[in-house]
Protein chains: 2
Amino acid sequence: MSLERVLVRSLADRVDGTVRLCGWVEGVSEEGDTQVLLLRDPTGTARLLHPADGDEALAREIKGLRRESAVVAIGTVRLADHGPGIAGPDVVLAGLEVVGPAHAEVPIDDASPLDERLDWRFLDLRRPRNRLIFDVQTTVEAAMRAVWREEGFVELHSPKLRPTPNKSGSELFSVGYFGRKAYLAQSPQFYKQMAMASGLDRVFEIGPVFRANPLVTSRHDTEFTSVDVEMSWIESHDDVMAFEERWLQRVLGAVHATHGPAIARQFGVDVVVPGTPFPRVHMAEAHEILATAGHRVTGKKEGDLDATGERLVAEHVARELGHEFVFVTDYPEEIRPFYHMRAADDPARTRSFDLLWKGLEVTTGAQREHRPDRLAAQAQARGVPLGPIGYYLDFFRYGCPPHGGFGLGLTRFLMSLLGVDDVRVVTYLHRGPRRITP
Amino acid sequence: MSLERVLVRSLADRVDGTVRLCGWVEGVSEEGDTQVLLLRDPTGTARLLHPADGDEALAREIKGLRRESAVVAIGTVRLADHGPGIAGPDVVLAGLEVVGPAHAEVPIDDASPLDERLDWRFLDLRRPRNRLIFDVQTTVEAAMRAVWREEGFVELHSPKLRPTPNKSGSELFSVGYFGRKAYLAQSPQFYKQMAMASGLDRVFEIGPVFRANPLVTSRHDTEFTSVDVEMSWIESHDDVMAFEERWLQRVLGAVHATHGPAIARQFGVDVVVPGTPFPRVHMAEAHEILATAGHRVTGKKEGDLDATGERLVAEHVARELGHEFVFVTDYPEEIRPFYHMRAADDPARTRSFDLLWKGLEVTTGAQREHRPDRLAAQAQARGVPLGPIGYYLDFFRYGCPPHGGFGLGLTRFLMSLLGVDDVRVVTYLHRGPRRITP
């Protein structure tokens with residue numbers, strides 16, 4: 001067994017060579033006098049052949065194999081001609097070891113409802129389509145970090161155990177903490193801003209956040225991976241958007257180069273590398289677009305966009321400018337957190353933006369208010385008690401530069417990227433009000 | 001203000017040019033007829049000069065500056081000769097904007113006790129020595145990920161909300177979860193093993209873990225960043241050690257190249273790039289070393305090593321082999337988790353290891369038991385009830401390859417690397433039984 005492992009996708013480079021393959025049994029059949037074992041590894045599925053007049057013990061072993069058993073196979077690579085549509089080469093088996101037998105039949109298949117597949121998520125993830133999601137996620141994060149690294153960002157790991165809520169107190173999980181209460185972070189917002197007061201200048205964090213939201217929908221979860229960026233010495237939220245667009249261009253360039261054909265095959269989606277700058281639409285302009293389209297925003301505060309509104313604005317931009325992305329800017333202050341900076345010429349507007357991708361909101365960003373008196377006043381005006389956020393207000397009293405940033409939900413991003421409409425599909429293990437297993 | 005920002009370390013490349021600097025006021029003084037402002041940014045401290053017969057308003061602005069205010073300065077770079085020990089160049093000020101004034105004097109200094117500095121962590125982090133810690137952490141993680149990427153590892157984000165404890169139930173934080181209880185993950189162990197059953201083959205995760213340990217020491221925290229690796233298709237724990245040693249060699253190579261001189265200056269530590277393979281010491285041999293040294297292990301179970309024992313084994317290896325690292329292998333099964341695989345020739349020993357670095361344990365690793373019947377028997381023998389871990393045992397029933405991995409505490413690693421003896425110093429925001437703020 002000292003042969004180096006060969007991946008299925010590399011078999012074509014090894015014709016006539018002896019190889020060791022590691023993978024799962026997709027099925028066993030007989031073609032004339034030959035046993036055919038389909039072996040799947042992370043890179044593809046290979047046909048492993050054993051002639052009927054070959055080794056008897058091996059023939060029995062193959063015959064007795066249960067589907068999805070984990071096996072190590074040794075054999076010789078042989079160019080094959082299966083006719084159009086079926087790729088060679090085959091592997092003529094010399095030996096087989098069942099290193100992880102399946103002790104029972106797999107309880108789900110591709111037709112099983114999502115909830116059952118989530119019960120057996122570790123089996124569901126064996127499907128090549130699902131595997132691809134996590135290969136893409138890995139590429140996405142690596143490309144994000146490459147840009148951060150080139151531009152001198154510092155990696156942050158902010159604590160998820162917090163002394164106080166950072167929102168209104170709703171959607172908050174509490175933890176028993178040595179005789180007191182702690183809370184799970186809903187976002188690293190306060191602590192990434194602390195990094196700006198600490199002189200770290202530009203930071204990023206990829207980590208879990210928690211929302212005790214009781215809604216059970218295809219878009220909600222109680223725990224997800226948040227991608228956070230904060231940067232100092234900016235002039236306005238324009239600098240934040242300028243960073244985000246060149247960063248996403250790089251990220252999608254990497255995804256396109258690495259997984260473009262596989263994504264087209266598995267998800268039917270073309271990965272488009274976006275041009276920069278991304279279109280920007282002022283909120284007032286967004287509402288003009290909706291008025292022209294005859295859409296009235298419902299179920300939202302005055303001045304906000306609803307999901308249909310976001311879709312219509314994105315469609316307008318796609319039609320007029322041929323771009324999948326659009327920054328909607330200058331949100332009214334009532335619908336933004338108290339710490340968003342107000343526009344200098346109109347305190348009713350904020351220096352903020354959302355980024356829509358194919359009509360789905362993937363990012364919220366802003367310049368932050370770094371002047372402690374104004375920040376405290378904005379909190380009070382919103383009814384946020386100053387006592388519990390005193391430690392946060394302190395960050396701005398000892399010399400804090402102007403700064404801003406954004407947060408991006410990693411699974412939301414993957415949903416847009418792959419055209420998947422359910423967050424549970426693109427999450428390794430979904431957490432929701434009714435799901436905390438496996 | 002449309003000039004591009006220049007960092008202090010790049011001033012020497014800009015002699016006679018006009019630059020924009022962004023940073024914090026370290027102090028203001030007068031040298032003869034010249035005002036001297038020391039400006040600190042993440043890359044160093046520069047002298048900004050303003051002649052007394054210069055602009056009056058600017059002179060008043062400089063005079064009134066409070067230390068640690070955040071400023072943007074524009075000026076001309078001028079080669080200077082300050083005599084030995086002081087580097088040029090200087091910057092002759094043309095303009096200054098106080099973008100984030102300090103509203104009060106900074107309440108701590110280098111002599112403040114650690115606990116006070118942790119109260120004001122955002123100010124403590126402005127010290128160049130502390131800043132360096134997080135630059136090093138960023139480099140460490142980037143180098144780790146570079147190796148993972150080259151070797152085809154998939155990035156994992158496993159849920160931190162768990163349905164059941166994964167240890168004995170001690171040191172566990174519980175969370176109210178929609179009318180039931182959830183628990184915070186003490187490690188991603190079960191879920192990174194799930195990835196092996198999912199066919200992801202090789203995974204890594206860098207994320208938070210939680211331990212409700214009531215001890216208040218310089219080595220304990222209730223939340224820290226764990227670096228986790230799991231890999232399939234291994235023959236034994238030797239394959240895991242072989243990965244870890246080549247990985248750490250690359251990581252320390254990157255740290256040495258990027259931060260070697262700065263770490264020597266700030267921490268008095270030489271970063272040594274380790275040769276491979278790392279020395280391996282069988283646990284039986286470790287106890288012979290201790291017997292020869294006349295050390296009796298105390299406060300630990302039979303067959304284990306205490307902190308002094310780990311130090312003595314490491315010193316022995318350093319003396320005999322000139323290596324900072326040593327793998328101690330084949331731990332007795334009683335002191336290892338139930339899921340560590342037993343040695344084929346001796347069920348009292350496990351296919352496991354710890355990695356000691358300069359005498360400090362930084363890693364625990366093992367081949368895992370992937371045969372479900374043995375795994376269940378080992379759990380039962382340890383008194384672990386099978387019901388709550390049924391979902392975990394299922395991972396191994398449908399074809400799971402042999403696998404193993406390790407966990408590494410990121411802050412422990414930084415402690416060894418920088419020769420720091422307190423985990424609170426190398427953590428962005430420490431969490432302990434008595435500390436959950438800021």
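Residues numbered from 1 in each chain as written. Chains lettered and ligands numbered in written order. Predicted model: local features only at pLDDT ≥ 70, side-chain atom pairs only at ≥ 80, totals over all residues. Heavy atoms only, no water.

Enquirer: Break down the interface of chain B and chain A for me, with residues and values.
Expert: Taken residue by residue, the interface counts 99 residues in chain B and 99 residues in chain A. Across the chain B/chain A interface, buried area totals approximately 7800 Å², and carbon plus sulfur atoms make up 64% of it. Ranking the residues of chain B by area buried against chain A places Trp233(B), Tyr398(B) and Tyr428(B) at the top, with a combined share of 11%. Connecting chain B to chain A are four salt bridges. Residue Glu155(B) is joined to Arg145(A) by a salt bridge in which the shortest nitrogen-to-oxygen separation is 3.0 Å. Across the chain B-chain A interface, the total number found is 44 residue pairs in polar contact (both at pLDDT 80 or more). Top element by residues in the side of chain B that touches chain A is helix 4 (residues 128-150) of chain B. It accounts for ten residues. Within the side of chain B that touches chain A, the residues separate by chemical class into 57 nonpolar, 20 polar and 22 charged. (Contact = heavy atoms within 4.5 Å. Buried area = accessible area lost by both parts, 1.4 Å probe. Salt bridge = Lys/Arg side-chain N within 4 Å of Asp/Glu carboxyl O. Polar contact = N/O pair within 3.5 Å; in protein donor to acceptor, adjacent residues only side chain to side chain. Helix = DSSP H or I, 4+ residues; strand = E, 2+ residues; numbered from the N terminus. Nonpolar A, V, L, I, M, F, W, Y, C, P; charged D, E, K, R; others polar.)

Enquirer: Just give me the short version of the sheet that holds strand 5 (residues 90-100) of chain A, but keep the residues and values in it.
Expert: All names here are of chain A. Pairing is mixed around the closed barrel formed by five strands, whose spatial order is 1-2-3-5-4. Within this sheet the neighbouring strands show an average axis-to-axis angle of 50 degrees, counted without direction. Inspection of the sheet shows strand 1 (residues 18-31) paired to strand 2 (residues 34-41) by seven bridges, in the antiparallel sense. What sits directly across from Glu31, in strand 2, is Thr34. Across the sheet, helix 1 (residues 56-63) is in contact with strand 1, strand 2, strand 3 (44-51) and strand 5; its angle to strand 5 comes to roughly 65 degrees. (Pairing = 2+ DSSP bridges. Axes fitted to C-alpha atoms, helices over the stretch in contact; angles between N-to-C directions.)

Enquirer: Describe helix 5 (residues 189-197) of chain A, with residues and values.
Expert: Working note: α-helix, 3.6 residues per turn, so residues spaced by three or four point in the same direction. Residues and elements named next belong to chain A. Among the nine residues that make up helix 5, nine are buried, leaving the element largely enclosed by the rest of the structure. Of all the positions in helix 5, only Gln189, Phe190, Tyr191, Lys192, Gln193, Met194, Ala195, Met196 and Ala197 are classed as buried. Positive phi shows up at Gly199, right after helix 5, with a value of about 80 degrees. (Buried < 20%, exposed > 50% of the residue type's maximum accessible area, 1.4 Å probe, protein only.)

Enquirer: Got a sec to walk through the confidence of the model for chain A? Specific residues and values, please.
Expert: Per-residue confidence for chain A gives a mean pLDDT of 95; residues scoring 70 or more make up 98%. Two numbers describe this predicted complex: its pTM, 0.97, and its ipTM, 0.97. (pLDDT = per-residue confidence, 0-100.)

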